[in-house]
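Architecture and fold: a report
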Amino acid sequence: MKHLIEKATTLMEALPYIRRFAGRTFVIKYGGHAMSDEKLKESFALDVIMLKSLGINAVIVHGGGPQINETLKRYGIVSEFVRGMRVTDAETMSVVEMVLVGQVNREVVGYLNQHGGRAVGLSGKDGTLLLAEKLLQEVTGDDGAVELVDIGYVGDVVKVNTDLIATLENGKYIPVIAPVGVGQDGESYNINADLVAGRVAAALNAEKLILLTDIEGVKDTNGRLLGSLSVAELHCQIEQGAITGGMIPKVVCCADALGDGVKKAHIIDGRVPHAVLLEIFTDVGIGTEITK
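Rules and cut-offs
- Residues numbered from 1 in each chain as written.
- Predicted model: local features only at pLDDT ≥ 70, side-chain atom pairs only at ≥ 80, totals over all residues.
- Heavy atoms only, no water.
- Pairing = 2+ DSSP bridges.
- Helix = DSSP H or I, 4+ residues; strand = E, 2+ residues; numbered from the N terminus.
- Axes fitted to C-alpha atoms, helices over the stretch in contact; angles between N-to-C directions.
- Contact = heavy atoms within 4.5 Å.
- Buried < 20%, exposed > 50% of the residue type's maximum accessible area, 1.4 Å probe, protein only.

1. Some details on the sheet that holds strand E8 (residues 174-178)
- The strand order across the open sheet built from eight strands is E5-E8-E2-E1-E11-E13-E14-E12, with neighbouring strands paired in mixed fashion. Bordering the open sheet on either side are strand E5 (119-123) and strand E12 (228-230), each of which pairs with just one other strand. Averaged over all pairs of adjacent strands, the angle between strand axes in this sheet comes to 20°, irrespective of strand direction.
- Where strand E13 (residues 264-269) meets strand E14 (residues 288-291), three bridges bridge the pair, whose relative direction is antiparallel. Following the sheet pairing, Ile-267 is matched in E14 by Thr-288.
- Packed onto the sheet, helix H5 (residues 162-170) meets strand E1 (25-30), strand E2 (57-62), E5 and E8 and runs at close to 145° relative to E8.

Rendered as structure tokens:
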């Protein structure tokens, strides 16, 4: 009986959040270990389907770095990186698009549908969903001077076609977006999935931007998980050296999205089963919530 009462208590804890978020949009960046472990794939699919059944519009943006690396290796193509961004020539871009759109996107869509969802796969080229332009990477030289470096078909999002997403949402579908954009002349661009998720969330005026990662969340200099922090506090953590390496572009992505109208951003550990539900529908959460 105690176990049953605990279940009822958990449901009651979730009730105010369910009421608050019904009809709102969550943009979820899906990546990391959650995309490679079978149990976590199922857990994520069920979380998204649960959100949709509660009247919350879930928009998924997925990554695919490990899958791209594996395929490039098979083709004998060696990748070069500039400040964490893959240098993408025409040959590499062809492989990136093949993997993200032809393989990973189909797998994510298939898993959602297999578990009872109604998912539709998209790349940024479909209906000009993600209009892109070349992204020049900033590199600091030995003399301290900042130089803009052309790293090939790597892009930034100029515009998001929200009409296409709204049409799918109105039809009760779950959009699943591969981070490949299209330029003015029809060329394909490889775009960082976190960046795409942030831009899509801002364009949709989303209630939440949720980034699934392979770490617990944002930690302070003592290694303690920060359950919540503001954008100002976030920048302080960067200055203090608590946030470094690959976490910096993630938190900057969240800060930019909040500045562009997203209500809240979350960085959570995708290695935890049902991480999305635990973060959104419990009072404490499991990761880091970032607010304006």
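2. A few points about the pairing of strand E7 (residues 146-160)
- Strand direction decides the pairing type here: strand E6 (residues 130-140) and E7, joined by 10 bridges, are antiparallel. Residue pairing across strands places Leu-130 opposite Val-160, the latter belonging to E7.
- Hairpin connection, E6 to E7: the antiparallel pair is bridged by five residues, and Gly-144 has positive phi, about 90°.

3. Topic: the pairing of E8
- In terms of burial, E8 is a largely internal element, five of the five residues being buried.
- On E8, burial covers both faces: Ile-174, Val-176 and Ala-178 on one face and Pro-175 and Ile-177 on the other are all buried.
- Pairing between E2 and E8: two bridges, direction parallel. If you follow Ile-60 over to E8, its bridge partner there is Val-176.
- Bridge analysis of E5 against E8 gives five bridges, and the strand direction is parallel. Looking at the pairing, Val-120 lines up with Pro-175 of E8.

Everything listed here is a matter of geometry and, on its own, says nothing about what the molecule does.
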